[in-house]
Amino acid sequence: MDARPTFLSCLALNASSVFRKLSFEQYGALCYRRNKPRREIEVLLITSRDTSRWVIPKGWPMPGKEPHEVAAREAFEEAGVRGKTKKKPLGYFSYLKKLDDGSMSLCLVQVHAMEVDEELDRFPEKGQRQAEWVTCSEAAARVIEPELKGLFRLLDGRLAHK
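Now for a description of the structure that goes with this document. This is a predicted model, so every value here is computed, not measured. (Residues numbered from 1 in each chain as written. Predicted model: local features only at pLDDT ≥ 70, side-chain atom pairs only at ≥ 80, totals over all residues. Heavy atoms only, no water.)

1. Considering the packing of aromatic side chains
- A complete count under the given rule lists two aromatic pairs for this structure.
- Aromatic pair F24 and W60: ring centres 5.7 Å apart, planes at 80°, arrangement edge-to-face. Of this pair, F24 sits in strand 1 (residues 24-35) while W60 sits in the loop between strand 4 (58-59) and helix 3 (67-79), placing them 36 residues apart in sequence.
- Residue classification places W60 among the partly exposed positions, given a relative accessible area of 38%.
- A ring pair is formed by F93 and Y95, whose centres lie 6.2 Å apart and whose planes are at 35°; its orientation type is tilted.
- Given a relative accessible area of 5%, Y95 falls into the buried group.
- The positively charged end of R82 is found above the aromatic ring belonging to F76, 4.1 Å away from the centroid.
- The residue whose ring lies beneath R142 is W54, and the NZ or CZ to ring-centre distance is 4.9 Å. (Phe/Tyr/Trp six-rings, centres within 6.5 Å; stacked < 30°, edge-to-face > 60°. Helix = DSSP H or I, 4+ residues; strand = E, 2+ residues; numbered from the N terminus. Buried < 20%, exposed > 50% of the residue type's maximum accessible area, 1.4 Å probe, protein only. Lys NZ or Arg CZ within 6 Å of the ring centre and 35° of its normal.)

Below you can see the structure in the form of structure tokens.
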């Protein structure tokens, strides 16, 4: 049995705090590649710096940048990958963000699929996070956010037969 708290249990524990505050929007990159020998789709997971949970690269809006450009920039800064990022969002997921004052707020992440064609040895957050390429089903098992689990399955379904 998995002892990790679920997203819904965390939300329930923090409901009064979360719903008194504004929610925030971020942009994320669901980075993927095709494993040539097995023809499987693999996705890139990274750990968060504060809790070491498995997540995808994501960040705050940036003046003058479109959401898909922010997602691509975060993928480079946090995971050292570059590639073609789709303008149209793949979907959205929400998570609880711990604020500087210790309280929690709801974040809505607009997710853009990014086909990775380059992995770099040097990038801004190198050494601050773990990164692993895994199958979509393994990624769905590692993350706690229900909507993000669904996005891995959605991507796999769309790309599996291409």
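2. Considering unusual backbone geometry
- A positive phi angle, near 60°, is found at S52, a position not held by glycine.
- Note that S52 resides in the loop between strand 2 (40-47) and strand 3 (54-55).

3. Some remarks on the nonpolar core
- Counting 24 residues, the largest nonpolar core has L30, V43, L45, F93, F152 and L155 as the members making the most contacts within it.
- Broken down by secondary-structure element, the contributors of at least two residues to this core are strand 1, strand 2, strand 6 (91-98), strand 7 (104-119), helix 4 (136-142) and helix 5 (146-159).
- In terms of residues, this core owes the most to one element, helix 5, which gives five residues.
- Leaving out residues up to four positions away in the same chain, L155 has contacts with L30, Y32, I41, V43, L90 and A113.
- If you look at the next biggest cluster of nonpolar residues, it comprises twelve residues, including A29, L44, A79 and W133. (Core = buried A, V, L, I, M, F, W, Y, C linked by side-chain atoms within 4.5 Å. Contact = heavy atoms within 4.5 Å.)

Keep in mind these numbers describe shape, not what the thing actually does.
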